[in-house]
Amino acid sequence: MTCPPRTLVLPPRLTASARTLRATALRRGLRIVEATASAVPEGLGRPGWAEGTGRAGSTGCAGSDGHAGSDGHAVHLHAGPSFADVVAPTLGIALLEAPADWLAQLPRTLTQRDIRATTIGEAYRLRRPAFVKSPNDKSISALVYADGSRLPGPDAVDPATVVLVSDVMTFAVEYRLHLLDGAVHTAGQYAEAGRLRLGPADGDALAFGRDVLAAAGETLPSAIVVDVGRDDEGRWAVIEANAAWASGCYSADPDRALETVLRAAGPATALSPHDRAFVR
């Protein structure tokens, strides 16, 4: 039986990570569609649209990292939230992400700091330094703010916008874990002392990732990225969860990172019952 090829849709401007995943996808026989603007490429998603796009030659039917849609073509996406929010609904792609309050709901033994999910309107009342960020995108810059008055004002952001407010914690080293089906599928170091520094994930980082999964794996979709770090006192903590379809792979194995992306942004018709609760 001839299997229809999977397709990976990419945004107009590619990061270094996106270029790595693009090369990996091509090597594995996926078709690539690169948009020229923040809109669905003309004809994409219509019957027969995959014919002649990108590179053909799929080596097998979609499996655990990709499922065929109703027309036989599995369409996936790797892009930032603003592009993904425009393109994914048109292509029937389900974008998986962690719940907005996931980090705040973790036990302190996994975060080593106080974290709460609240509205930015409430965060304006802060009278102390705090680390504030958007839960699942970059609409609120992830920074240490001296107090609530330094946050983007109500003229720029809806006061009902959810943000995560946490104690300030400095990490000596940081790692990105690509999680798939309840396991650390691949991982790598991406920062040291707050600066970009790529390298392999050490055993302690992988062990802590397994601890996180044991304690909170059921509260995450089947494919997600979780960043973890160690401070100068040797304490391990979860930094944040990120959508795999919008995350860089850094020094992780690109094949395994791609497999996480394909699951995290694939046909809505192929969602597992568990993952339906985590669609963006």
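In the block above lies the structure referred to throughout.
Cut-offs used in this document
Residues numbered from 1 in each chain as written. Predicted model: local features only at pLDDT ≥ 70, side-chain atom pairs only at ≥ 80, totals over all residues. Heavy atoms only, no water. Helix = DSSP H or I, 4+ residues; strand = E, 2+ residues; numbered from the N terminus. Buried < 20%, exposed > 50% of the residue type's maximum accessible area, 1.4 Å probe, protein only. Contact = heavy atoms within 4.5 Å. Areas by Shrake-Rupley, 256 points an atom, 1.4 Å probe, with all protein chains shown as cover. Pairing = 2+ DSSP bridges. Axes fitted to C-alpha atoms, helices over the stretch in contact; angles between N-to-C directions. Core = buried A, V, L, I, M, F, W, Y, C linked by side-chain atoms within 4.5 Å. Patch = residues over 30% accessible without salt bridge, like charges linked within 9 Å, V, L, I, M, F, W, Y side chains within 5 Å. Salt bridge = Lys/Arg side-chain N within 4 Å of Asp/Glu carboxyl O. Parallel < 35°, antiparallel > 145°, perpendicular 65-115°, else oblique. Phe/Tyr/Trp six-rings, centres within 6.5 Å; stacked < 30°, edge-to-face > 60°. Lys NZ or Arg CZ within 6 Å of the ring centre and 35° of its normal.

Colleague: Tell me about the overall build of the protein, and please be specific about residues and values.
Modeller: Within the protein, the secondary structure is distributed over seven helices and 14 strands. Counting the 280 residues in the protein, one finds 50% classified as buried. Pairs at least 24 residues apart make up 71% of the contacts formed inside the protein by residues separated by at least 6 positions. Here the protein displays about 12,900 Å² of accessible surface, and carbon together with sulfur accounts for 50% of that area.

Colleague: Please provide a residue-by-residue account of the sheet that holds strand β9 (residues 173-180), values included.
Modeller: Overall, antiparallel pairing links the five strands, which are arranged β11-β10-β9-β12-β13 in an open sheet. Each having just a single partner strand, β11 (195-200) and β13 (236-242) make up the two edges of the open sheet. Here the strands of the sheet are splayed against their neighbours by 30° on average, with no regard to which way each runs. In this sheet, strand β10 (residues 183-192) lies alongside β9 in antiparallel orientation, the contact comprising eight bridges. Paired with valine 173 across the strands is glutamate 192, a residue of β10.

Colleague: How would you summarise the sheet that holds strand β1 (residues 7-10) if you had to cite specific residues and measurements?
Modeller: The strand order across the open sheet built from three strands is β2-β1-β3, with neighbouring strands paired in parallel fashion. Each end of this open sheet is capped by a strand with a single partner; those strands are β2 (31-34) and β3 (75-77). The sheet shows a mean angle of 25° between the axes of neighbouring strands, taken without regard to direction. The pairing of β1 with β2 spans four bridges and is parallel. Looking at β2, one finds that leucine 10 is bridged to glutamate 34. Along the sheet, helix α2 (residues 81-91) makes contact with β1 and β3, crossing β3 at roughly 170°.

Colleague: Would you mind going over the nonpolar core in detail, with residue names and values included?
Modeller: Counting residues in each nonpolar core, the largest one holds 25 residues, and the members touching the most others are Trp102, Val226 and Val238. Listing elements by their share of this core, those giving two or more residues are α3 (102-105), β9, α6 (203-216), β12 (223-230) and β13. In terms of residues, this core owes the most to one element, α6, which gives five residues. Beyond its immediate chain neighbours, meaning those up to four positions away, tryptophan 102 contacts Val212, Ala216, Thr219, Leu220, Val226, Val238 and Ala241.

Colleague: Describe in detail the environment of threonine 118, supporting the description with residues and values.
Modeller: Positionally, threonine 118 belongs in strand β5 (residues 115-119). Under the relative-accessibility criterion, threonine 118 is labelled buried at 12%. Along the primary structure threonine 118 and aspartate 101 are separated by 17 residues, whereas in three dimensions their C-alpha atoms are 8.7 Å apart. Those residues in contact with threonine 118 that sit more than four places away from it in its chain are Thr161, Val162, Val163 and Val165.

Colleague: Please set out a nonpolar patch on the surface residue by residue, giving values where relevant.
Modeller: Residues Leu196, Leu198 and Tyr250 make up a contiguous nonpolar surface patch of about 320 Å² in total accessible area. Assignment of secondary structure puts leucine 196 in strand β11.

Colleague: Account for the packing of helix α1 (residues 16-27) against helix α7 (residues 254-264), with residues named and values stated.
Modeller: Remark: α1 packs on α7, axes separated minimally by 9 Å, with the N-to-C direction vectors making an angle of 90°. Judged by the inter-axis angle, α1 sits roughly perpendicular to α7. Here Thr20, Leu21, Thr24, Ala25 and Arg27 of α1 lie close against α7, whose contacting residues are Pro254, Asp255, Ala257, Leu258 and Val261.

Colleague: Lay out the pairing of β1 with the relevant residues and their values.
Modeller: The side-chain alternation of β1 yields two buried faces, one formed by Thr7 and Val9 and the other by Leu8 and Leu10. Relative to β3, β1 runs parallel, the two being bridged by three bridges. In the strand pairing of β3, valine 9 is matched with leucine 77.

Colleague: Before we move on, can you summarise the packing of aromatic side chains with the specific residues and values?
Modeller: Scanning the entire structure with this criterion turns up three aromatic pairs. Measuring from centroid to centroid gives 5.2 Å for tyrosine 190 and tyrosine 250, while their planes differ by 15°, and the two rings are stacked. Of this pair, tyrosine 190 sits in strand β10 while tyrosine 250 sits in the loop between β13 and α7; the two residues are 60 residues apart in sequence, bridging distant segments of the chain. Residue class for tyrosine 190 comes out buried when judged on its relative accessible area of 10%. Taken together, the ring pairs connect Tyr175, Phe208 and Trp236 into an aromatic cluster. One cation-aromatic arrangement involves arginine 176 over tyrosine 190; the distance from NZ or CZ to the ring centre is 5.5 Å.

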